[in-house]
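Fold and geometry: a report
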Amino acid sequence: MAKELFTEEQIKFIEQAIGEAEQNTSGEIRVHIEKRCKEDVLDRASHVFSLLEIQKTELRNGVLFYLATEDKQFAILGDVGINAVVPKGFWHEIRDLMVDYFKKGQFTEGLAEGIKKSGEQLKSHFPYQSDDVDELPNEVSFGKK
Ligand code: CA
Ligand code: CA
């Protein structure tokens, strides 16, 4: 199980980063971690995206950070509401930053940094509203394999 790769503190740290990022933006961030990804990473990430029902936000501004630790696959998938308004390559810088951490095996730090940056960058397109609802759980989702 992918969850065994993380301590409770590390999981809390990631979830805290999500909570803090969501104080910047109405965008909803979800993280899914598993060990293996034997198919195309974007196909797999899209599948997880639907499984976690990330499309169920009012503004369609959910984001999935998908990571397969053993197969070293990673993808950031934003919902259609985000894709419609952000410039092309919006995620590239964040992805590169995160991959640098992952290459060193620093999964927790990489995720937390990327999540933080995403909150800052999404802010201008989807500012936090005072009546914000936490539409998607901040809990890290772990795959069984
Ligand atoms: Ca929210
Ligand atoms: Ca949330």
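My aim in this report is to walk through the structure given alongside it, one point at a time. (Residues numbered from 1 in each chain as written. Chains lettered and ligands numbered in written order. Predicted model: local features only at pLDDT ≥ 70, side-chain atom pairs only at ≥ 80, totals over all residues. Heavy atoms only, no water.)

Details of unusual backbone geometry
Here is the rule we go by: Exposed residues in this analysis have more than 50% of their type's maximum accessible area, buried residues have under 20%, and partly exposed residues fall in between, with area computed by a 1.4 Å probe over protein chains only. Counting from the N terminus, the helices are DSSP H or I runs at least four residues long and the strands are E runs at least two residues long.
The residue Glu53 is not glycine, and still its phi comes out positive at about 55 degrees. What makes Glu53 partly exposed here is its relative accessible area of 38%. Of note in this structure, Arg60 is not a glycine but carries a positive phi near 50 degrees. Along the chain, Arg60 turns up in the loop between helix H2 (41-51) and strand E2 (62-68).

Let's talk about the coordination of the calcium ion (ligand 1)
As a reminder of what qualifies: Counted as donors are the N, O and S atoms within 2.8 Å of the metal, or 3.2 Å for Na, K and Ca, while water is not among the atoms, so some sites may look incomplete.
At the metal site, the calcium ion (ligand 1) is ligated by Glu28 (OE), Asp132 (OD), Asp132 (OD) and Val133 (O), and these contacts range over 2.1 to 2.7 Å. Written as a sequence motif, the donor residues of the calcium ion (ligand 1) are E-x103-D-V. Taken as an interatomic distance, the gap from the calcium ion (ligand 1) to the calcium ion (ligand 2) is 5.4 Å; Glu28 donates to each of them. Of this pair, Glu28 sits in strand E1 (residues 28-34) while Asp132 sits in the loop between helix H5 (107-122) and strand E4 (141-142); the two residues are 104 residues apart in sequence, bridging distant segments of the chain.

Quick word on the coordination of the calcium ion (ligand 2)
Just so we agree on the cut-off: Four donors are marked tetrahedral only if all angles between them lie between 85 and 135 degrees, whereas four are marked square planar and six octahedral if opposite donors are more than 155 degrees apart and the other angles lie between 65 and 115; the remainder are marked irregular.
The coordination sphere of the calcium ion (ligand 2), as far as protein atoms go, consists of Glu22 (OE), Glu22 (OE), Glu28 (OE), Asp134 (OD), Leu136 (O) and Asn138 (OD1), spread over 2.1 to 2.7 Å. Metal-centred angles of 52 to 171 degrees between the six donor atoms at the calcium ion (ligand 2) mark the site as irregular. Within one chain, the residues serving as donors to the calcium ion (ligand 2) are arranged as E-x5-E-x105-D-x1-L-x1-N. Classification of Asp134 by relative accessible area gives partly exposed; the value is 43%. Exposure remark for Leu136: the relative accessible area of 5% places this residue in the buried category.

A look at the packing of aromatic side chains
Threshold: When the centres of two rings from Phe, Tyr and Trp lie within 6.5 Å, Trp using its six-membered ring, the rings pair. Their planes under 30 degrees apart give stacked, over 60 give edge-to-face, and anything left gives tilted. Our definition puts a charge over a ring when NZ of Lys or CZ of Arg is within 6 Å of the ring centre and also within 35 degrees of the ring normal.
Throughout the structure, instances matching the rule amount to five aromatic pairs. Taking the centre distance of 6.5 Å and the plane angle of 50 degrees together, the rings of Phe6 and Phe107 count as tilted. Of this pair, Phe6 sits in the segment before helix H1 (8-21) while Phe107 sits in helix H5, and the two are 101 residues apart along the sequence. No difference in accessibility class separates Phe6 from Phe107, as the two residues are buried. Summarising the aromatic geometry, the rings of Phe6 and Phe142 are spaced 5.8 Å apart at their centres and angled 50 degrees between planes, so their arrangement reads as tilted. Taken together, the residues Phe6 in the segment before H1 and Phe142 in strand E4 connect sequence positions 136 residues apart. Take Phe6: its relative accessible area is 8%, and that puts it in the buried class. Linked through ring pairs, Phe6, Phe74, Phe102, Phe107 and Phe142 together constitute an aromatic cluster. Taking the ring centre of Tyr101 as reference, the NZ or CZ of Lys104 above it sits at 5.5 Å.

Focus on the side chain of Thr25
Rules: Polar contacts, as counted here, are pairs of nitrogen or oxygen atoms within 3.5 Å of one another; within protein the pair requires one atom able to donate a hydrogen and one able to accept it, and residues that are adjacent in sequence qualify only if both atoms are side-chain atoms. Contacts are assigned to residue pairs with any non-hydrogen atoms lying within 4.5 Å of each other.
Assignment of secondary structure puts Thr25 in the loop between H1 and E1. On the basis of relative accessible area, Thr25 is assigned to the buried category, the value being 0%. Engagement of the side chain of Thr25 in a polar contact is seen with the backbone nitrogen of Gly27, the distance being 2.9 Å. At 2.6 Å, the side chain of Thr25 and the backbone oxygen of Phe126 are in polar contact. Aside from chain neighbours lying at most four places away, what touches Thr25 is Gly119, Leu122, Lys123, Phe126, Pro127 and Tyr128.

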